[in-house]
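Listed here are the chains, written in short residue letters.
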Amino acid sequence: MERTRGIRRTGANGAARRGWAVVTATATAMAASLTLGAAGAAGAAGAVGAPGAAGDHPIVFARYTAAAPTEDLYTISPSGGTTAKLTHTPAVSEVMPSWSPDGKRVAFVRYGSGGAIDGIWTMNTTGGDLKAVPGTKGASDPAWSPDGKRIAYAKPVGTQREIYVAGVDGAHATRLTHTAADDLHPTWSPDGRYLAFNRADAGGHSRVMKIRLSTLAQTAVTGPGSHDWTPDWSHGDRIAFSRVDSSGFAHLYLVRPDGTGLHRITAARANDKNPSWSPDGHSLVFTRGGVDDADPEHLYLVRADGTALTELTKTDSHDLEADWRP
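Residues numbered from 1 in each chain as written. Predicted model: local features only at pLDDT ≥ 70, side-chain atom pairs only at ≥ 80, totals over all residues. Heavy atoms only, no water.

### A word on the overall build of the protein
Filter applied, for reference: The secondary structure listing takes helices from DSSP runs of H or I that are at least 4 residues long and strands from runs of E that are at least 2 residues long, numbered from the N terminus. Classification of residues uses two cut-offs on accessible area relative to the type maximum, computed with a 1.4 Å probe and protein chains only: under 20% is buried, over 50% is exposed, and between them is partly exposed. The contact criterion used is simple: two residues touch if any of their non-hydrogen atoms lie within 4.5 Å. Accessibility throughout is a Shrake-Rupley quantity obtained with a 1.4 Å probe, and a residue counts as covered only by protein chains that appear here.
Counting its regular elements, the protein contains two helices and 24 strands. The buried share of the protein, taken over its 326 residues, is 56%. Counting contacts in the protein only where the partners sit at least 6 residues apart, residues at least 24 apart contribute 42% of the total. Looking at the protein as shown, the accessible area adds up to about 12,000 Å², and 53% of this sits on carbon and sulfur atoms.

### So, the sheet that holds strand E19 (residues 263-264)
For clarity, the threshold we go by: What makes two strands pair is DSSP finding at least two bridges between them.
Spatially, E16-E17-E18-E19 is the arrangement adopted by the four strands of the open sheet, whose pairing is antiparallel. Looking along the sheet, the strands with just one partner apiece sit at the ends: strand E16 (228-233) and E19. Pairing between strand E18 (residues 250-255) and E19: two bridges, direction antiparallel. Among the inter-strand pairings, Tyr253 is bridged to a residue of E19, identified as Arg264.

### Remarks on the packing of aromatic side chains
This is how the line gets drawn: Two rings from Phe, Tyr or Trp (for Trp, the six-membered ring) form a pair when their centres are within 6.5 Å of each other. A pair whose planes differ by under 30 degrees is stacked, one over 60 is edge-to-face, and the rest are tilted.
Taken as a whole and judged by the stated rule, the model has five aromatic pairs. Taken together, a centroid distance of 5.9 Å and an interplanar angle of 5° make the contact between Tyr153 and Tyr164 stacked. Taken together, the positions of Tyr153 in strand E9 (residues 150-157) and Tyr164 in strand E10 (residues 160-167) put the pair 11 residues apart, joining distant regions of the chain. We classify Tyr164 as buried; its relative accessible area is 14%.

### Brief notes about unusual backbone geometry
Phi is positive for Met96, which is not a glycine, with a value near 55°. The residue Met96 is located in strand E4 (residues 92-99) in this model. Met96 sits in the buried class, given a relative accessible area of 0%. For Asp129, which is not a glycine, the phi torsion comes out positive at approximately 55°. Here Asp129 is to be found in the loop between strand E6 (117-124) and strand E7 (131-132).

### What to know about the sheet that holds E9
With respect to topology, four strands assemble into an open sheet ordered E8-E9-E10-E11, the strand pairing being antiparallel. The open sheet has two edge strands, strand E8 (140-144) and strand E11 (174-175), and neither has a second partner. As defined by bridge partners, E10 adjoins E11 across two bridges and the pair is classed as antiparallel. Considered in E11, the bridge of Tyr164 is made with Arg175.

### Some remarks on the pairing of strand E14 (residues 206-212)
Of all seven residues that make up E14, five are buried, and the element is covered over most of its length. Between the antiparallel neighbours strand E13 (residues 194-200) and E14 lie five residues, among them Gly204 with a positive phi of about 90°. In terms of strand pairing, E14 meets strand E15 (residues 218-220) through three bridges, oriented antiparallel. Paired with Ile211 across the bridge in E15 is Gln218. The turn linking E14 back onto E15 is made up of five residues, and Leu216 within it adopts a positive phi angle of 65°.

Okay, here's the thing in structure tokens:
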């Protein structure tokens, strides 16, 4: 299982990861029931034909292995090749990276071996100039605004998580949602006027929601009874997300912000999650993999029409929560 961004994970250091997971117990049970199924997934990746229209804007992601169960952040070119390690903290995990819109800094979440979330930090592209964002202890899912001035995130309020927005320096933190559900994984519209996020209820369902920042009016993007996680809003005004569908696996879907045009773009007997758009809106990077530490999780690229599926990372590791530099 994976943790906060929808489908949780366990295994090595699993107690720490479970300690700060934020989906409800019922949703967790639903996610745990997923299996990779038979080997030889449909839509197996090819070695060539990778989506290449986005140029060489690097992808940042979190990685852990059975031998090194604390996560660090890495970057890789969408063309493949050698990864570059940005963080080196054996006792602390860095996860959930988010590029600033100018590509000069990365926001991320840091948590300790006991599972306590230290909060949101930012750093430069080489892993230096670390700065904590004040007031974000316990927060997760940072998302940098298109103008580079604000960060949206999810933060605990009682037993639930709600969506907040604050300045990059932590100033003027504003709570946007007030529900009995868990609101997670905010993502900005290209014009900065809306956020999409996923709302997980006590019944084990999660749907994509949209909130207008000027009025706080909320609208459902996907229907009730869904299992929809980790939305990402493109510059082409489409939202990609991961849905656990009738197959029992998590696949990638696209939808317009008004809820129309819903369609699936991956269909393998595997779990596809955490999509992130390329800067040109033509391709996505995502994680494909298993349910525990025995099953590696790798980054893949796919075009928005579902073609040119390409495996990007191939080591015996868990590569998660990728974000493609704007």
